[in-house]
Amino acid sequence: MIHVIATITLKPGALDAFRDAAMHCIEGTRAEPGCVVYDLNASVTNSNRVVFVEQWKSRDDLEAHFTRPHMKAFREATAGLVESRSVEVIHPERIETL
């Protein structure tokens, strides 16, 4: 089992558009093999920060997730909304930064 914490800082005023684009991605991702948890959370201290919290059965399941059509559509829809991002993959024995 692995966990993913993807922290995204949005451009000012982009939260609503980002959240709308994320809804389709969240729905598609939750139906993927190996997806245990996938949700988007908004910061209560920074209105431009959101965090995806994910749990996957394996690293292979996560890799397959990156290639799904709904992920491609999400990346395209949000490309102009994102200021920065960091992704941490938490394995039982280490933390990997993408």
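See the structure printed just above.
Computed from a predicted structure; not experimentally measured.

Visitor: Can you break down the pattern of salt bridges residue by residue, with the values?
Guide: As a working rule, side chains carrying opposite charge can pair if their charged atoms are close by. The full count for this structure, using the stated rule, is seven salt bridges. Residues Arg 19 and Asp 16 are paired through a salt bridge, measuring 2.5 Å at the closest nitrogen-oxygen approach. Remark: Asp 16 and Arg 19 occur in helix H1 (residues 15-30); sequence separation between them is three residues, near one turn of the helix. For Arg 19, a relative accessible area of 38% corresponds to the partly exposed category. Judged by relative accessible area, Asp 16 falls into the partly exposed class, the value being 46%. For Glu 93, the salt bridge is made with Arg 94, and the minimal N-O distance between the two is 2.8 Å. By relative accessible area, which is 58% here, Glu 93 ends up exposed. Looking at Arg 94, the relative accessible area reads 42%, which means it is partly exposed. When salt bridges that share partners are traced, they join Arg 59, Glu 63 and Glu 96 into one network.

How each quantity is defined
Residues numbered from 1 in each chain as written. Predicted model: local features only at pLDDT ≥ 70, side-chain atom pairs only at ≥ 80, totals over all residues. Heavy atoms only, no water. Salt bridge = Lys/Arg side-chain N within 4 Å of Asp/Glu carboxyl O. Helix = DSSP H or I, 4+ residues; strand = E, 2+ residues; numbered from the N terminus. Buried < 20%, exposed > 50% of the residue type's maximum accessible area, 1.4 Å probe, protein only.

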